There are 2 protein chains.
Amino acid sequence: MKQQTPDILQQMRDRLIMAHYRLGQKLRPSEVAAEFEVSANTIREIMLRLSAEGLLDYEDQRGFRVVGASDRLLHEITEFRIVLEQCGVERSIARGGIEWEAQMAAAHHKLSHIEARIRRTGDVVGVLKHWNDAELDFHLSLMGAADLPILQQSFRTVYARFRQQIVSPERSYAHREGNIIEHQRILEAALDRDVAASHDAIYRHLRRNLMPEPDARSEDTMTA
Amino acid sequence: MKQQTPDILQQMRDRLIMAHYRLGQKLRPSEVAAEFEVSANTIREIMLRLSAEGLLDYEDQRGFRVVGASDRLLHEITEFRIVLEQCGVERSIARGGIEWEAQMAAAHHKLSHIEARIRRTGDVVGVLKHWNDAELDFHLSLMGAADLPILQQSFRTVYARFRQQIVSPERSYAHREGNIIEHQRILEAALDRDVAASHDAIYRHLRRNLMPEPDARSEDTMTA
DNA sequence: AATCCCCGAAATTTTGAAATTTCATTGCAA
DNA sequence: TTGCAATGAAATTTCAAAATTTCGGGGATT
């Protein structure tokens, strides 16, 4: 028995993000432990960490459960994600140099290569992990010059929770062709050092995951 | 042996925030376990969760360590905290009603009561926990109408890490009289629904924890 | 003197089982 | 029939010990 906790932790994270388990499904340490051929306690520790990241729900004496599908939750995660990304690009535009631009271009190149391949072959599942990693890298590269690691770390966990909600069998995988264009728009705006355009491009990229706004004109905004 | 993990988790969190352990100190599960009279494994689980919150450092096979004091880290935490708070107030101003205003006023009232008492008696340690809770409540109330629980949760953990860095024996406890005025300024700006003034008041409240800026005029911003 | 290697002590990680709590089912009474 | 209590099975939490890894101190070789 060697040290395999880090591996298993990452594998579990991937599973939760890539819909290996159903949303809302109960997850028993003993069952998962059997899959990985380790003891239940080892898995329990891993699951406690994953609940701290927001990928699992945990209640005392009641065990673990994959976070459930929820339009409201997806809306909140998306809003927060937009905030972090807009903040990240804005700071990067202010600080970043040629190095930053090069990293964005590189990340976008890899991403669009994978996206083109998906459009061609129609196979999403086979390269889903690669696409996930590439999209995360691209969005991280946007805030790569923000000089605020804590922002990137925060983004990572929010991004994971976002994917968890999006990549469920119920929802479409969201590999629409729009994505390719939207990513390009984001890249161009960032390279142009145009803060407003960047904000807008990010918003447009994510807005379809927001819930319809409650009518702003209604009186009861100030409910007591 | 009853269920006491939630208690111990909260106590440990308080200890880490209130300088019960030194920053950077090594923390052995077995030793802490002896203090609380539970087994080492129980504490280990708690510590794993606390490292996910960023209050402990954890390295495989090397155990746990209280996060060390670092000007750079405090700077980053502060910058991120400012981002979250400014975002929170801005959204609250847009959405909040009379209920929100009342909650801010209430939280500020409690906080200034404690701060006045501290100024009078000079005793900080005795009411440090109360002050912490009150200040957190106040800052949370600023974003109370933002309608984004995920933002509040994120702020809670960042605030905890901020306190951990600030409330160390080395640094002054930072219970300067300036605090009282600054809190008042923040409250007034929020009640005035003045976004710019709110942003400014929050920045002024926290800026002394930022590191001096590198000279913006220097050439090597674009270091390769 | 400096470096490397080996060994023992101490700490970390994993395990399997005991203790406790929750959950569902059945039986009893209103 | 409905509601409640009791019971037993299953799951969770805690524990203590075994297995593994790290850390540090000689001792031999260069």
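Note that the structure is a prediction, hence the values are computed from the model and not measured. (Residues numbered from 1 in each chain as written. Chains lettered and ligands numbered in written order. Predicted model: local features only at pLDDT ≥ 70, side-chain atom pairs only at ≥ 80, totals over all residues. Heavy atoms only, no water.)

**Notes on the packing of aromatic side chains**
All names here are of chain A.
Move 1: Following the criterion strictly, the structure yields 4 aromatic pairs over all chains and no others.
Move 2: Taking 5.9 Å as the distance between ring centres and 35° as the angle between the ring planes, the aromatic pair formed by F155 and Y159 counts as tilted. With a gap of 4 residues between them, F155 and Y159 both fall in helix α7 (residues 149–166), about one helical turn apart.
Move 3: By relative accessible area, which is 0% here, F155 ends up buried.
Move 4: According to the relative accessible area criterion, Y159 is buried, its value standing at 3%. (Phe/Tyr/Trp six-rings, centres within 6.5 Å; stacked < 30°, edge-to-face > 60°. Helix = DSSP H or I, 4+ residues; strand = E, 2+ residues; numbered from the N terminus. Buried < 20%, exposed > 50% of the residue type's maximum accessible area, 1.4 Å probe, protein only.)

**Describing the protein's contact with DNA strand C**
Move 1: For DNA strand C, the set of nearby residues contains 19 residues, the closest of which are T5, S39 and N41 of chain A together with R44 and Q61 of chain B.
Move 2: Of everything in DNA strand C that lies within 4 Å of the protein, sugar and phosphate atoms constitute 83%.
Move 3: At a separation of 2.6 Å, a phosphate oxygen of DNA strand C approaches a polar backbone atom of Q61 of chain B. (Near = heavy atom within 4 Å. Polar contact = N/O pair within 3.5 Å; in protein donor to acceptor, adjacent residues only side chain to side chain.)

**Some points on the relation of the copies chain B and chain A**
Move 1: When chain B is brought onto chain A, the operation consists of a screw motion whose angular component is 180° and whose axial shift is 0.0 Å, with 0.0 Å RMSD remaining. Such a turn and shift between the copies fits a two-fold axis.
Move 2: Comparing interface residues between copies, 100% of those in chain B also lie at the interface in chain A; the contact surface is shared. (Least-squares fit on C-alpha atoms with pLDDT ≥ 70 in both. Contact = heavy atoms within 4.5 Å.)

**Thoughts on the sheet that holds strand β3 (residues 63–66) of chain A**
Residues and elements named next belong to chain A.
Move 1: Across the sheet, 3 strands lie side by side as β1-β3-β2; this open sheet has antiparallel pairing. A single partner strand is all that each edge strand has here, and the edge strands are β1 (26–27) and β2 (56–59).
Move 2: Sheet topology note: the β2/β3 ladder contains 4 bridges and is antiparallel. Bridging across to β3, L56 finds its partner in V66. (Pairing = 2+ DSSP bridges.)

**Considering the packing of helix α4 (residues 71–95) of chain B against helix α7 (residues 149–166) of chain B**
When two helices pack together, their arrangement is given by the angle between the helix axes and the distance between those axes.
Residues and elements named next belong to chain B.
Move 1: One way to put it is that α4 packs onto α7 with a least axis distance of 10 Å and a crossing angle of 145°. As for how α4 packs across α7, the hand of that crossing is left-handed. Where α4 abuts α7, its residues L73, L74, I77, T78, F80, R81, L84, E85, C87 and G88 lie against L151, S154, F155, V158, Y159, R161, F162, Q165 and I166.
Move 2: For the contact of α4 with α7, the residue count by class is 12 nonpolar, 4 polar and 3 charged. (Axes fitted to C-alpha atoms, helices over the stretch in contact; angles between N-to-C directions. Left-handed = near helix turned anticlockwise from the far one by under 90°. Nonpolar A, V, L, I, M, F, W, Y, C, P; charged D, E, K, R; others polar.)

**Quick notes on the protein's contact with DNA strand D**
Move 1: As a matter of local geometry, DNA strand D sits amid 20 residues, with R44 and Q61 of chain A together with T5, S39 and N41 of chain B nearest to it.
Move 2: The sugar-phosphate backbone supplies 82% of the atoms of DNA strand D found within 4 Å of the protein.
Move 3: Between a phosphate oxygen of DNA strand D and a side-chain N or O atom of R44 of chain A, the distance comes to 2.4 Å.
Move 4: Measuring from a phosphate oxygen of DNA strand D, one finds a backbone N or O atom of Q61 of chain A at 2.4 Å.
Move 5: Of all the secondary structure elements, the ones that give two or more residues to the surface near DNA strand D are α3 (40–52) and β2 of chain A together with α3 (40–52) of chain B.
Move 6: Here the surface near DNA strand D gets 3 residues from one element, more than from any other, and that element is α3 of chain B.
Move 7: Classifying every residue of the surface near DNA strand D by side-chain character gives 4 nonpolar, 9 polar and 7 charged.

**Section: helix α2 (residues 29–36) of chain A**
Residue and element names in this part refer to chain A.
Move 1: The complete set of buried residues in α2 reads P29, V32, A33 and F36. Angularly, the buried residues of α2 cover 105° about the axis, an arc narrow enough to put them on a single face.
Move 2: Buried residues along α2 sit against α1 (5–17), β1, α3 and β3.
Move 3: Of the residues trailing α2, E37 is marked for its positive phi of about 60°. (Arc of directions from axis to C-beta.)

**Re the nonpolar core**
Move 1: Within the largest apolar cluster, 89 residues are counted, with the highest numbers of intra-cluster contacts made by L151 of chain A together with L151 of chain B.
Move 2: Ignoring anything within four residues of it in the chain, the contact list for L151 of chain A reads L84, C87, G88, M143 and A146 of chain A together with F80 of chain B.
Move 3: One finds L27, I43, M47 and L48 of chain B within the second-largest nonpolar core, a separate group that totals 22 residues. (Core = buried A, V, L, I, M, F, W, Y, C linked by side-chain atoms within 4.5 Å.)

**A word on the domain arrangement of chain A**
All names here are of chain A.
Move 1: By the assigned domains, chain A splits into domain 1 (5–66) and domain 2 (71–209).
Move 2: Counting residues at the interface gives 10 residues for domain 1, matched by 11 residues for domain 2.
Move 3: Both faces combined, the contact of domain 1 with domain 2 buries some 1000 Å², and carbon together with sulfur accounts for 63% of it.
Move 4: Area buried by domain 1 at its contact with domain 2 is led by I17, M18 and L23, which between them contribute 52% of it.
Move 5: There are 1 salt bridge connecting domain 1 and domain 2.
Move 6: One salt bridge connects K129 with D14, and the closest N-O pair in it is separated by 3.7 Å.
Move 7: The interface formed by domain 1 and domain 2 holds 1 residue pair in polar contact (both at pLDDT 80 or more) in total. (Domains from an automatic or database assignment. Buried area = accessible area lost by both parts, 1.4 Å probe. Salt bridge = Lys/Arg side-chain N within 4 Å of Asp/Glu carboxyl O.)

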